[in-house]
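Structural description and commentary
For reference, the chains in residue letters:
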Amino acid sequence: MFHVKQFAPIAHLTLRECLRRAFPYVAVVALVLLVATSRLFLHFTFGQQRAESLNLAISGAFLAGFALALFVGTGLVRRDLERQTLPWLLTKPLGLASYVLGRLLGLVAAAALLALLVTAGSAPILAGMSDQVSWIDVLAAGARALAPLLVLCAAALAASALAGRALAPLLLLALFLLGSLFPQSLLVPDFSLFSLDANATAPSALAWLYALVFCSIFALFAYIVLAIRIPGTREG
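Let us look at the structure shown here. Treat the numbers as computed from the prediction; the structure is a model and nothing was measured.

**Looking at the packing of helix α8 (residues 146–162) against helix α10 (residues 205–229)**
At a minimum axis distance of 8 Å, the contact between α8 and α10 shows a crossing angle of 10°. Between α8 and α10, the crossing angle belongs to the class labelled roughly parallel. On α10, the residues touching Leu 146, Ala 147, Leu 150, Val 151, Ala 154, Ala 155, Leu 157, Ala 158, Ala 161 and Leu 162 of α8 are Trp 208, Ala 211, Leu 212, Phe 214, Cys 215, Phe 218, Ala 219, Phe 221, Ala 222, Val 225, Leu 226 and Arg 229.

What follows is the structure in structure tokens.
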């Protein structure tokens, strides 16, 4: 059984681990600057400023969360295994399922926070370009990145449990590329369903359910891999 007292501290620890590094803040500043620089080219979009502005907001939010999952999330479980922290944690009143859930929730929260920071930082730049774009439009566009980030954070955790320092990021990147290039495949998530385009409709309830299903699959995969890798793992 899950208990908040078990997975909440792990989620809080994960959030702190993600945000106390310099990388997330460098990524936020770099992406906001990229949006600001791209603003110069939007004057040549010939009436498509609104769509291109919102595409920039979506892209910036998504890249912030994806970069965190790729460079930080794929190392979370691996470091616990290498330092023998995880076996020690499981001798405490903490089950493996609660550990996986806590790591996942903390990583998702960190990715969502970075996406929000990039979107909020970009909003005054993009909203100031045209009276067709408001702060609310930019924030709503950035929120579209959250559904695919949920899937990618869970996949990053699974890759971290399965592979080493060099291979785990490559596995996550390959998953995203395959899911984008071959959207009809049943073996990888179809990222085209998440509408990362200002001209597309916002992700529907079905798309969110799809994201939750794949998130659960990757979290379960991480749990199974860790249960095999750690002898004497306790349930719960």
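**Quick notes on the environment of Leu 76**
Mapped onto the secondary structure, Leu 76 falls in helix α4 (residues 76–82). A residue is classified by how much of its surface remains accessible, and Leu 76, at 1% relative accessible area, is buried. Through-space distance from the C-alpha of Leu 76 to that of Leu 157 is 7.2 Å; in sequence the pair is 81 residues apart. Sequence-distant contacts of Leu 76, defined by excluding residues within four places in its chain, comprise Thr 14, Glu 17, Tyr 99, Arg 103, Leu 107 and Ser 160.

**Quick word on the environment of Leu 212**
Within the secondary structure, Leu 212 is located in helix α10. On the basis of relative accessible area, Leu 212 is assigned to the partly exposed category, the value being 45%. Linking Leu 212 and Val 151, residues 61 residues apart in sequence, is a C-alpha distance of 7.3 Å.

About the cut-offs
- Residues numbered from 1 in each chain as written.
- Predicted model: local features only at pLDDT ≥ 70, side-chain atom pairs only at ≥ 80, totals over all residues.
- Heavy atoms only, no water.
- Axes fitted to C-alpha atoms, helices over the stretch in contact; angles between N-to-C directions.
- Helix = DSSP H or I, 4+ residues; strand = E, 2+ residues; numbered from the N terminus.
- Parallel < 35°, antiparallel > 145°, perpendicular 65-115°, else oblique.
- Contact = heavy atoms within 4.5 Å.
- Buried < 20%, exposed > 50% of the residue type's maximum accessible area, 1.4 Å probe, protein only.

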